[in-house]
Amino acid sequence: MALVRQYTAPRSSVPLQILLFYNYYYFIFFFLVEILAMIWKATVLPFASATLASEVSLIVLYGLCEALRQFTGNKGNLTEQPFPMIVFLLLTLPMAMAFVFTMLFQTYVLHLDAILSYIGLGFCGIEFLLAIVALVQFSRSDISS
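Residues numbered from 1 in each chain as written. Predicted model: local features only at pLDDT ≥ 70, side-chain atom pairs only at ≥ 80, totals over all residues. Heavy atoms only, no water.

Caption draft 1: Up close: the side chain of E55. Here E55 shows up in helix α2 (residues 49–79). Of the side chains with opposite charge, K41 comes closest to the buried, unpaired E55, at an N-O distance of 5.3 Å. Once residues within four sequence positions are removed from consideration, E55 is found in contact with M38, F47, Q106 and T107. (Helix = DSSP H or I, 4+ residues; strand = E, 2+ residues; numbered from the N terminus. Buried < 20%, exposed > 50% of the residue type's maximum accessible area, 1.4 Å probe, protein only. Lys, Arg positive; Asp, Glu negative; His and termini not counted. Salt bridge = Lys/Arg side-chain N within 4 Å of Asp/Glu carboxyl O. Contact = heavy atoms within 4.5 Å.)

Listed below in structure tokens is the structure:
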């Protein structure tokens, strides 16, 4: 006797997955450019050692937070589970604040820092909106089934 499986249409958000894909490569680029810019700032511009250490630490924390955010976003979208999507949404807020810090509140803000942060903030905003739509879709179909 063969088991009959009922077909359910995929509910994953393709636009969100596309943005997560491009944001993954963009953030690698952003992270490397920020590290190089920080090296340049440290060698050319006068910095207090504590300030330099805190800004470098923040950049490293950006990387860790974004890696976790990307992982939970991909996992939540591809497995169509609400919990990883909620974690993704919650991690988007600190990342948005990190981009705002980078473009406005660093000790020395280069035009390059500001431009890259605006792009990163755009990714965060659009991904946030698409993740909310995907989360509602996942939750709605869980209720109906």
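Now that the structure is up, let's keep going.
Caption draft 2: Broad picture of the environment of F123. With respect to the helices and strands, F123 occurs in helix α4 (residues 111–144). For the pair formed by F123 and A96, sequence separation is 27 residues and the distance between their alpha carbons is 9.4 Å. Discounting residues that sit within four places of it in the chain, F123 has contacts with L19, Y22, N23 and Y26.

Caption draft 3: The arrangement of the environment of V136 in detail. Summarising the element assignment, V136 is placed in helix α4. Spatially, the C-alpha atom of V136 lies 8.6 Å from that of P82, the residues being 54 residues apart in sequence.

Caption draft 4: Helix α1 (residues 14–44), seen in detail. In a regular helix each residue adds 1.5 Å, so 31 residues correspond to 45 Å; α1 covers 44 Å between its end C-alpha atoms and thus fits that length. Inspection of α1 places L16, L19, L20, N23, Y26, F27, F30, V33, E34, A37, M38 and K41 among the buried residues, and these make up the whole buried set. Capping the start of α1, S13 holds a side-chain oxygen 3.2 Å from the backbone nitrogen of L16, two or three residues further along. (Expected span 1.5 Å × (residues − 1). Polar contact = N/O pair within 3.5 Å; in protein donor to acceptor, adjacent residues only side chain to side chain.)

Caption draft 5: Main features of the side chain of T92. Following the sequence through the fold, T92 ends up in helix α3 (residues 82–105). A distance of 3.2 Å separates polar atoms of two side chains, one belonging to T92 and the other to R69. When residues no more than four places from it in sequence are discounted, the contact partners of T92 are R69, C124 and F128.

Caption draft 6: A look at the packing of aromatic side chains. A full pass over the atoms with the stated rule returns 10 aromatic pairs. Seen in terms of ring centroids, F27 and F99 are 6.4 Å apart; in terms of plane orientation they differ by 80°. Their pairing is edge-to-face. With F27 in helix α1 and F99 in helix α3, this pair connects stretches of sequence that are 72 residues apart. Residues F27 and F99 agree in their burial class; the two are buried. Each residue in the set Y26, F27, F30, F31, F99 and F123 is aromatic and connected to the rest through ring pairs, giving one cluster. (Phe/Tyr/Trp six-rings, centres within 6.5 Å; stacked < 30°, edge-to-face > 60°.)

Caption draft 7: Looking closely at the pattern of salt bridges. According to the stated counting rule, one finds three salt bridges in the structure shown. For E127, the salt bridge goes to R69, with nearest N and O atoms at 2.6 Å. Within this pair, whereas E127 is found in helix α4, its partner R69 is found in helix α2, the two being separated by 58 residues in sequence. E127 gets classed as buried once you look at its relative accessible area, which sits at 0%. One network of salt bridges, with partners in common, ties together E66, R69 and E127.

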